[in-house]
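# Commentary on secondary and tertiary structure
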Amino acid sequence: MVIAIGCDHAGFALMQALRESAFGDHRLLDRGTHDQSPTDYPRYALAVAKAVAAGEAERGVLVCGTGIGMAIAASRIRGIRAAVCTNEYTARMARAHNNANVLCLGGRVVGPGLAEDIVRSFLRTEFAGGRHAARLALIDGQGN
Ligand code: RB5
């Protein structure tokens, strides 16, 4: 699948590590940043979110210091469900129950080994649908 990726300065090192180990044969759509100079995380969150919302990428992966700012910003884009995940369980549930399409990681929170496991779990888990789809519809003001 195509995965849009983005990070700020605080997520740059972890994203570099993930690029080497976590994405396998998936094609990457790199939306920056490309060095450790201080920068603004919303720029990358919105760029990745827009790529996913437009169908240019199926999933997105964002890394900042905590993952939180990226998730807040990315979720402003309609159709984006961005989730901060700190372990394999939350990554699996973000996909199975929440159909999250953007994974947000904290470069100051998780190490590269755990982050790799989180990314792999996020990429391989399918949405469970059913009652979870009905609940997601409520978020978009559909259903009752
Ligand atoms: C940058 O210092 C930091 O605030 C940012 O990477 C992120 O953690 C925000 O949520």
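Placed above this text is the structure.
Quick caveat: nothing in here was measured; it's all calculated off a predicted structure.

### Some details on the site of the ligand
- Around the ligand lies a shell formed by Asp 8, His 9, Ala 10, Tyr 41, Cys 64, Gly 65, Thr 66, Gly 69 and Arg 108.
- With respect to the ligand, the side chain of Asp 8 contributes an N or O atom lying 2.6 Å from an oxygen atom.
- Between the ligand and the protein, one listed contact pairs an oxygen atom with a side-chain N or O atom of Arg 108 at 3.3 Å.
- A per-class count over the shell around the ligand returns three nonpolar, four polar and two charged.

### Details of the nonpolar core
- Ranked by size, the top nonpolar core spans 24 residues in total, and within it Leu 18, Phe 23, Val 61, Leu 103, Leu 105 and Val 119 carry the most contacts.
- Taken together, the elements giving at least two residues each to this core come down to strand 1 (2–7), helix 1 (12–21), strand 3 (59–64), helix 4 (88–96), strand 5 (102–106) and helix 5 (112–124).
- It is helix 5 that contributes the most residues to this core, five residues altogether.
- Other than its neighbours up to four places away in sequence, Val 119 contacts Leu 18, Ala 22, Phe 23, Leu 103 and Leu 105.

### As for the environment of Leu 103
- Its place among the elements puts Leu 103 in strand 5.
- Separated by 21 residues in sequence, Leu 103 and Arg 124 place their C-alpha atoms 13 Å apart.
- Leaving out residues up to four positions away in the same chain, Leu 103 has contacts with Gly 60, Val 61, Leu 62, Ala 83, Cys 85, Ile 118, Val 119 and Phe 122.

### Comments concerning the pairing of strand 1
- Of all six residues making up strand 1, six are buried, and the element is well covered by its neighbours.
- Of the two faces of strand 1, the one lined by Val 2, Ala 4 and Gly 6 and the one lined by Ile 3, Ile 5 and Cys 7 are each fully buried.
- As defined by bridge partners, strand 1 adjoins strand 2 (residues 27–30) across four bridges and the pair is classed as parallel. Residue pairing in the sheet places Ile 3 in a bridge with Leu 28 of strand 2.
- With five bridges connecting them, strand 1 and strand 3 associate as parallel partners. In the sheet register, Ala 4 faces strand 3, and the bridge partner there is Gly 60.

Each value, and the rule that gives it
- Residues numbered from 1 in each chain as written.
- Predicted model: local features only at pLDDT ≥ 70, side-chain atom pairs only at ≥ 80, totals over all residues.
- Heavy atoms only, no water.
- Near = heavy atom within 4 Å.
- Polar contact = N/O pair within 3.5 Å; in protein donor to acceptor, adjacent residues only side chain to side chain.
- Nonpolar A, V, L, I, M, F, W, Y, C, P; charged D, E, K, R; others polar.
- Core = buried A, V, L, I, M, F, W, Y, C linked by side-chain atoms within 4.5 Å.
- Buried < 20%, exposed > 50% of the residue type's maximum accessible area, 1.4 Å probe, protein only.
- Helix = DSSP H or I, 4+ residues; strand = E, 2+ residues; numbered from the N terminus.
- Contact = heavy atoms within 4.5 Å.
- Pairing = 2+ DSSP bridges.

Everything listed here is a matter of coordinates, which is why it stays silent on function.
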